[in-house]
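One-letter residues, chain by chain:
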Amino acid sequence: MRMNRHTGLALLFIGFGAMILASKTGLHIGHHVMSFLFPAALVGLGFVGMKNGRTFIGAALILIGGGVLLGKMSGVFAILIAVGLIWYGFSLLRGKSAC
């Protein structure tokens, strides 16, 4: 098999398709990855749409996909905020500047 620029994308599509098929047949492989796939695909399609001159449709897809991704990433954002608050509290206790 000769590697060209589309080989990696084709393998990615085959992998995601296999994960979707496995999920639908009862084997929940990569469930967390799959929950991020659809919103990321919406954002990607939105960028393609904007690049091809369909700015309204592209912006709508980016906003919808981005909103869903932000909702799915809210746990990560909460952890980062908690770590930041703890770090800032310790820096206040030590009497040093936080930044």
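## Side note on the overall build of the protein chain
Here is step 1 of the chain: Across its full length, the protein chain carries 4 helices and 0 strands.
Here is step 2 of the chain: Ordering the α and β elements of the protein chain from the N terminus gives α-α-α-α.
Here is step 3 of the chain: When each of the 99 residues of the protein chain is scored for burial, the buried share is 13%.
Here is step 4 of the chain: Of all intrachain contacts in the protein chain linking residues separated by at least 6 positions in sequence, the fraction that spans at least 24 positions is 23%.

## Description of a nonpolar patch on the surface
Here is step 1 of the chain: Nonpolar side chains collect at one region of the surface, where Leu70, Met73, Val76, Phe77 and Leu80 lie side by side and expose about 450 Å² of accessible area between them.
Here is step 2 of the chain: In terms of residue count, the dominant contributor to the nonpolar patch is helix 4 (residues 74-94) (3 residues).
Here is step 3 of the chain: Structurally, the position occupied by leucine 80 is in helix 4.

## Some thoughts on the environment of phenylalanine 16
Here is step 1 of the chain: Relative to the helices and strands, phenylalanine 16 is located in helix 1 (residues 7-24).
Here is step 2 of the chain: For the pair phenylalanine 16 and leucine 37, spaced 21 residues apart in sequence, the C-alpha separation works out to 8.5 Å.
Here is step 3 of the chain: Those residues in contact with phenylalanine 16, other than ones at most four positions away along the chain, are Val33, Met34 and Leu37.

## Section: helix 4
Here is step 1 of the chain: Between its first and last C-alpha, helix 4 extends 30 Å over 21 residues, near the 30 Å set by a 1.5 Å rise per residue.
Here is step 2 of the chain: Just beyond helix 4, the residue with positive phi is glycine 95, at close to 80 degrees.

## Digging into the environment of valine 43
Here is step 1 of the chain: By secondary structure assignment, the location of valine 43 is in helix 2 (residues 31-51).
Here is step 2 of the chain: In this structure valine 43 comes out as buried when scored by relative accessible area, which is 17%.
Here is step 3 of the chain: Each C-alpha atom of the pair valine 43 and glycine 65 lies 5.1 Å from the other, and the pair is 22 residues apart in sequence.
Here is step 4 of the chain: If we skip the residues at most four places from it in the chain, valine 43 touches Leu61, Ile62, Gly65, Gly66 and Leu69.

## Some points on the confidence of the model for the protein chain
Here is step 1 of the chain: Summing up the model confidence of the protein chain, the mean pLDDT is 82 and the portion of residues at 70 or higher is 89%.
Here is step 2 of the chain: Of all secondary-structure elements in the protein chain, the lowest mean pLDDT belongs to helix 1, at 77, while helix 3 (residues 55-72) reaches the highest, 92.

Rules used in this analysis
Residues numbered from 1 in each chain as written. Predicted model: local features only at pLDDT ≥ 70, side-chain atom pairs only at ≥ 80, totals over all residues. Heavy atoms only, no water. Helix = DSSP H or I, 4+ residues; strand = E, 2+ residues; numbered from the N terminus. Buried < 20%, exposed > 50% of the residue type's maximum accessible area, 1.4 Å probe, protein only. Contact = heavy atoms within 4.5 Å. Patch = residues over 30% accessible without salt bridge, like charges linked within 9 Å, V, L, I, M, F, W, Y side chains within 5 Å. Areas by Shrake-Rupley, 256 points an atom, 1.4 Å probe, with all protein chains shown as cover. Salt bridge = Lys/Arg side-chain N within 4 Å of Asp/Glu carboxyl O. Expected span 1.5 Å × (residues − 1). pLDDT = per-residue confidence, 0-100.

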